[in-house]
Amino acid sequence: MQAGLNEIQAKTYLYLLAKGEQQPPALAKALDLTRSNAYKVLEKLLELKLISRIEINKKFVYRAEDPIALSEIVAAERNRLRALEKGVQAAMNELRSKYEKTSTDRSVRSYHGNDLVVSLYKSQAELQQPIYFIKTRADIPVLGYDAMGKIRHFPAKYNTERYGITPDTTEAPASPALDRETNLTRTWMHADDYTSPVEWSVSGDELLVIGFEKDASAIRIKNAVVARAFKELWQLLDRSLRQNPEYKKLPKQARRKV
């Protein structure tokens, strides 16, 4: 059934597997099926190559074939789902293009204060859409380790994936286990590659631009075009960093134990 058979199909195959060659009337009686339904089930199992049919004394008998045929069913379903995903993605891209041209659900808002900024991180995780961000070193000095710990765990709570470009610094956690626990796929950059006290983070149609000076503040831009543009820039930067021959040597400085 996990391979896609319904209950009657599975019972019929298991019965033939256990009993050997069977004629449809006997099989229908054993499984409490009408003859019409029995033939329908057998035809489907023939189509799936789970059983075979032979003629003996002008009567058809059916027998189970090697269950390895189930792997072909799974492979066919996997290919079907891939084709479905590809088709849906293409349709979604076209639909989003039309949505972006006509949508009026756009806004730019400013927020000030550490608590409000932490709540923005939480709201972003609640969208349950992948988060792409470029991290700054200035967040921990302003918000502190406890608040940053909460922010780090919000996405895992809501089963949201994170993709972060993060500086290789001494305060960075050297813990692949923590990255897995917090749904983070990390890309390293050198500590001096990005030194501004501003973090960039996008999820869905929202881009957060978060500044860390004496206190935290943020600008939230809700605009599908802007969000998509930032994601493309993030992916471009990610590819560039990973293609650098020196990338395999990173991290060099990250060593904070969590």
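Residues numbered from 1 in each chain as written. Predicted model: local features only at pLDDT ≥ 70, side-chain atom pairs only at ≥ 80, totals over all residues. Heavy atoms only, no water.

Caption draft 1: Highlighting the packing of aromatic side chains. The full count for this structure, using the stated rule, is three aromatic pairs. On the numbers, 5.1 Å between centres and 15 degrees between planes, the contact of Tyr132 with Tyr163 is stacked. Within this pair, whereas Tyr132 is found in strand β4 (residues 131–134), its partner Tyr163 is found in strand β5 (residues 162–168), the two being separated by 31 residues in sequence. A residue is classified by how much of its surface remains accessible, and Tyr132, at 14% relative accessible area, is buried. Every member of this aromatic cluster is reached through a ring pair, and the members are Tyr132, Tyr163 and Trp234. (Phe/Tyr/Trp six-rings, centres within 6.5 Å; stacked < 30°, edge-to-face > 60°. Helix = DSSP H or I, 4+ residues; strand = E, 2+ residues; numbered from the N terminus. Buried < 20%, exposed > 50% of the residue type's maximum accessible area, 1.4 Å probe, protein only.)

Caption draft 2: Spatial organisation of the environment of Gln129. Inspection of the secondary structure assignment puts Gln129 in the loop between α5 (114–126) and β4. We classify Gln129 as partly exposed; its relative accessible area is 38%. Gln129 sits 73 residues away from Val202 along the chain, and the two C-alpha atoms are 9.5 Å apart. The contacts of Gln129, once residues within four sequence positions are left out, are Thr160, Glu161, Ser203 and Gly204. (Contact = heavy atoms within 4.5 Å.)

Caption draft 3: Representation of the sheet that holds strand β3 (residues 107–112) within the structure. Pairing is mixed across the open sheet formed by seven strands, whose spatial order is β3-β9-β8-β7-β4-β5-β6. Each of the sheet's edge strands pairs with one partner strand only, and the pair in question is β3 and β6 (184–190). Ignoring strand direction, the axes of neighbouring strands in this sheet form an average angle of 15 degrees. Inspection of the sheet shows strand β8 (residues 206–212) paired to strand β9 (residues 216–222) by seven bridges, in the antiparallel sense. Pairing of Phe212 across the sheet is with Ala216, part of β9. Relative to β9, α5 is tilted by about 35 degrees, and along the sheet it contacts β3, β4, β7 (198–203), β8 and β9. (Pairing = 2+ DSSP bridges. Axes fitted to C-alpha atoms, helices over the stretch in contact; angles between N-to-C directions.)

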